[in-house]
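# Topology and contacts: notes
The lines below spell out each chain.
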Amino acid sequence: MDYISTRNSQKNFTFKDVFLKGLASDGGLFVPKKIPKFASQELENLKNLSYKELAIKIILKFCKDEFNEKEIRDLVNSSYKNFRVDDVVKIKKFGKINLLELFHGPTLAFKDIAMQVIGNMYEKILKKNNLKVNIVVATSGDTGAAAISAIRDRKNMKIFVLHPENKISEVQRKFMTTVDSNNVFNIALASNFDECQKFVKLMFADNDFRNSINMTGVNSINWSRIVIQIVYYFFSYFKIAKENEKINYSVPTGNFGDIFAGYIAKKMGLPINKLIIATNSNDILKRAISTGIYKPLKVEHTISPSMDIQVASNFERLVFDACSCSSDKMIKLMNDLDERGEFKLEKNQLEKISKNFCSESLSEQETKSVIKDMHNKQKILVDPHTAVAIGVANKMSLEGNTVILATAHPSKFSETVMKATGIKPDLPENLENILVTKEKYEKLPKDLKKIKNYILERCNY
Ligand SMILES: *Cc1c(COP(=O)(O)O)cnc(C)c1O
């Protein structure tokens, strides 16, 4: 399979390039030149597979040049052996709502599902190619923890995680800062997530710096994360849908990675009706889809912090698709964004997007009432991100079945859940120790030079 950058459709890349680089050096995002499509007989054959068997079939489609089937089988099996459920995810039904629980991995958010596989992929690729890398990643709370859990203690890899100081939950922070491993470095930046992400992008764009430390990234712009997330759309569809029924997916959205995986699943032949972009008050995507104008505003701090994002990086992949894969058009739009602080989609591009996606946002008050209602009426505790997806799905009331992506365990946001329901959700067994373990992290000002120096002083082997 060949890959291209959204900003240069002429040059081909391999899966290995795409995996290790994360972001193309022209600033674009990597996408497959052509998305593989399952014929209806093939879909039929996938229907009754276990989660892990399905994962092997789907992931292999995108990286055959790098891994054979046995390697992918080993990767998948070892990645999911520590999950608390055998089939990696769980599905629960409440009336017309289906909750797809994606938080049964080691750090209690959906990001573990991709990140555990990525940790093992790194190890294999680095060994084959005799390489050492430094991973630099920005987190709005959950990516960092998932990445640290996947990378800790591995040879030939160091990981530097930037999180916005005081803007993530205590449990989110402690999942990162209590890890005692000498290849893990946590940086608390006196700023918000968008700026953390901006600093990481600036370091990637600085070719000298990037090459000098063999820098690589695991942010949701890394294509391999999208690939691994496609699997649970297929798995849940097969478990829930009747005979070719079209179903909707409501996805709590920040960086647009998780929901974009759903779009790829649809392109691969899965009968998805609408993909619902559920946002909190950081509603850039809702505005973009209703007006065609993509314009980042100031980030608002909410009770669903993993979605406190105004620059939804993966959206570039969808816009590229809507521009019929014209990198010239893409470059023009990105220039507009840089120069004028916004870009405007053409009518036909917007129509193409609206055929597959719809979007709504939920206020803080509405989110709290969903948490309360779910507890009162359904006797279940949900985290605030999942609550946004439920509330938005209720607002849209689309026809047919809707699957809600439950992206985090309620105990990761225990204060918010406690305030709404009066009940404090417990951390799963064996995880309570993070609450009492000593934390280790460095506080840095929002100063690119200081961040670079901190990394330079610690990145060598
Ligand atoms: C990261 C995250 C999201 C947003 O996912 P994106 O892929 O960035 O859109 C939603 N909920 C939780 C709990 C998350 O950690």
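Refer to the preceding data block for the structure.
Anyway, here's the lowdown on the structure attached to this text. (Residues numbered from 1 in each chain as written. Predicted model: local features only at pLDDT ≥ 70, side-chain atom pairs only at ≥ 80, totals over all residues. Heavy atoms only, no water.)

## Let's talk about the site of the ligand
Our working definition: Residues are labelled near a given molecule or strand when at least one of their non-hydrogen atoms is within 4 Å of it. Any pair of N or O atoms that falls within 3.5 Å is considered a polar contact. Within protein, one atom must be able to donate a hydrogen and the other to accept it, and sequence-neighbouring residues count only if both atoms are side-chain atoms. Surface accessibility in these figures is a Shrake-Rupley result with a 1.4 Å probe; residues are shielded only by whichever protein chains are displayed. Using a 1 Å grid laid over the protein atoms alone, points where a 1.4 Å probe fits but cannot get out form a cavity; open sets with protein on both sides within 12 Å along at least 5 of 7 lines form a pocket; any residue with an atom within 4 Å of a point counts as lining. Molecules are considered to sit inside a cavity or pocket once more than half of their atoms lie within 2 Å of its grid points.
In the vicinity of the ligand lie 15 residues, with Lys111, Asp142, Gly254, Asn255 and Asp258 positioned nearest. Within the contact set of the ligand, an oxygen atom lies 2.5 Å away from a side-chain nitrogen or oxygen of Lys111. Separating an oxygen atom of the ligand from a backbone N or O atom of Gly254 is a distance of 2.8 Å. Look at the ligand: alone it shows 380 Å² of surface, and the protein chains cover 98% of it. Given that more than half its atoms are within 2 Å of the pocket grid, the ligand belongs to the largest cavity.

## What to know about empty space enclosed by the protein
Put simply, the rule is: Grid points are joined across faces, edges and corners, and a volume is the space filled by probe spheres set on the points. Helix and strand assignments come from DSSP, with helices taken as H or I runs of at least 4 residues and strands as E runs of at least 2, each series counted from the N terminus. We call Asp, Glu, Lys and Arg charged. Ala, Val, Leu, Ile, Met, Phe, Trp, Tyr, Cys and Pro are nonpolar, and the rest, Gly among them, are polar.
This structure, assessed with the given rule, holds four cavities of 30 Å³ or more. In this structure, the largest cavity occupies an estimated 290 Å³ of space. When contributions to the lining of the largest cavity are tallied by element, the ones reaching two or more residues are α6 (142-151), α10 (223-240), β10 (247-252) and α11 (257-267). Among the elements that make up the lining of the largest cavity, the one with the highest residue count is α11 (three residues). In terms of residue class, the lining of the largest cavity is built from nine nonpolar, twelve polar and four charged.

## A short note on helix α13 (residues 315-322)
Just so we agree on the cut-off: Relative accessibility under 20% of the residue-type maximum defines a buried residue, over 50% an exposed one, and the middle range a partly exposed one, all with a 1.4 Å probe and only protein chains included.
Most of α13 is tucked away: eight of the eight residues are buried. Taken together, the buried positions of α13 are Phe315, Glu316, Arg317, Leu318, Val319, Phe320, Asp321 and Ala322. Phi turns positive, to about 50 degrees, at Ser324, one or two residues after α13.

## Quick look at the pattern of salt bridges
Quick reminder of the rule: Salt bridges are defined as contacts in which a side-chain nitrogen from Lys or Arg sits within 4 Å of a carboxyl oxygen from Asp or Glu.
One pass over the structure, following the stated rule, counts 30 salt bridges. Note that Arg173 and Glu439 form a salt bridge whose closest N and O atoms lie 2.8 Å from each other. Taken together, the residues span a long stretch of sequence, with Arg173 in helix α7 (residues 170-177) and Glu439 in the loop between α18 (414-421) and β16 (442-444) at a distance of 266 residues. Put simply, Glu195 and Lys446 hold a salt bridge, and the shortest N to O gap is 3.4 Å.

## What to know about the pairing of strand β4 (residues 90-94)
What counts here: Note: two strands are recorded as paired if DSSP finds a minimum of 2 bridges between them.
Sheet topology places β4 next to strand β5 (residues 97-101); five bridges connect them, and they run antiparallel. Counted as the bridge partner of Lys90 is Glu101 from β5. From the end of β4 to the start of β5, which pair antiparallel, there are two residues, and Gly95 there has a positive phi angle of about 60 degrees.

## Considering the environment of Leu297
For clarity, the cut-off: Any two residues whose heavy atoms approach within 4.5 Å are treated as being in contact.
In this structure, Leu297 sits in the loop between β12 (293-294) and α13. Of the residues examined, Leu297 reaches a relative accessible area of 46% and is grouped as partly exposed. With 195 residues separating them in the primary sequence, Leu297 and Leu102 have C-alpha atoms 30 Å apart. Excluding its chain neighbours within four sequence positions, the residues that come into contact with Leu297 are Arg287 and Gln310.

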